[in-house]
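A structural walkthrough
Below, each chain spelled out in residue letters.
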Amino acid sequence: MPSSCKEIRAALAQCLQESECVMIQRHTAAECLRSPLAETLPTKCQQLKKGFGECRRGMIDMRKRFRGNQPITFKTLESTENTGDGYQLYAGRSAYAGATRTTDGNEPEPRDWREVENEKFRAEQAKQQQQQQQQQQQAGK
């Protein structure tokens, strides 16, 4: 097999070996990849299975014959899983990388632009009134 899919294949094999289907129920990895046992696999294994299938399909895809197959490395996948950034199992950058923010529900509500403009206007008026009072005091002396 070409080297473009070896890493994701190894990651899938490792995930299957650690899954409940192989460890506890004592099925073979090949049996666990077939339906109905495939639905009992952890989400990570299901994603790796889908990514491996797309990688293999990409090796014969004529649209990719010049650029070649470009699966992301599994190490990158694990690092994005820990940081919470979005990731994509196959070919290219994620559409959601860095776009999501984590929230705890205690963030301040963003201020309305009208309130900000009103505060600026009031500050300008107060400044003008102070200048007028100073001018009146100087004129009165």
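This section reports on the structure supplied with the text.

Concerning the overall build of the chain
When helices and strands are counted, the chain shows six helices and zero strands. For the chain, the N- to C-terminal ordering of α and β elements is α-α-α-α-α-α. When burial is assessed residue by residue, the chain has 21% of its 141 residues classed as buried. Summarising the internal contacts of the chain: among those between residues at least 6 apart in sequence, 44% fall at separations of at least 24. For the chain, the accessible surface area stands at approximately 11,500 Å², while carbon and sulfur atoms represent 48% of it.

A few points about the state of the cysteines
By the definition in use, this model includes three disulfides. The residue that forms a disulfide with C21 is C32, at a sulfur-sulfur distance of 2.0 Å. A torsion of -95° about the S-S bond marks the disulfide between C21 and C32 as left-handed. You can see C21 sitting in helix α2 (residues 20-23) and its partner C32 sitting in helix α3 (residues 29-33), a full eleven residues away along the chain. Going through the chain in sequence order and numbering each bonded cysteine, the pairs you get are 1-6, 2-5, 3-4.

Quick notes on the nonpolar core
If you look at the biggest cluster of nonpolar residues, it comprises 15 residues, and the most contacted ones within it are C32, L41 and L48. Among the elements of the structure, α1 (6-18), α2 and α4 (43-60) are those that each provide at least two residues to this core. Residue contributions to this core peak at five residues, all from α1. The contacts of C32, once residues within four sequence positions are left out, are L16, C21, V22, H27, L37, A38 and L41.

As for unusual backbone geometry
The peptide bond linking S35 to P36 adopts the cis configuration, its omega dihedral lying at 5°. When you line up the elements, P36 lands in the loop between α3 and α4. With a phi angle near 60°, R26 is a residue other than glycine that sits in the positive phi range. Positionally, R26 belongs in the loop between α2 and α3.

With respect to the pattern of salt bridges
Within this structure, the stated rule accounts for four salt bridges. In this structure, the salt-bridge partner of R114 is D112, at a minimum N-O distance of 2.8 Å. Among the residues examined, R114 registers a relative accessible area of 47% and is labelled partly exposed. Under the relative-accessibility criterion, D112 is labelled partly exposed at 26%. With a closest N to O distance of 3.9 Å, K120 and E117 form a salt bridge.

Rules behind the numbers
Residues numbered from 1 in each chain as written. Predicted model: local features only at pLDDT ≥ 70, side-chain atom pairs only at ≥ 80, totals over all residues. Heavy atoms only, no water. Helix = DSSP H or I, 4+ residues; strand = E, 2+ residues; numbered from the N terminus. Buried < 20%, exposed > 50% of the residue type's maximum accessible area, 1.4 Å probe, protein only. Contact = heavy atoms within 4.5 Å. Areas by Shrake-Rupley, 256 points an atom, 1.4 Å probe, with all protein chains shown as cover. Disulfide = S-S within 2.5 Å. Core = buried A, V, L, I, M, F, W, Y, C linked by side-chain atoms within 4.5 Å. Salt bridge = Lys/Arg side-chain N within 4 Å of Asp/Glu carboxyl O.

These results come straight from atomic positions and should not be treated as a statement about function.
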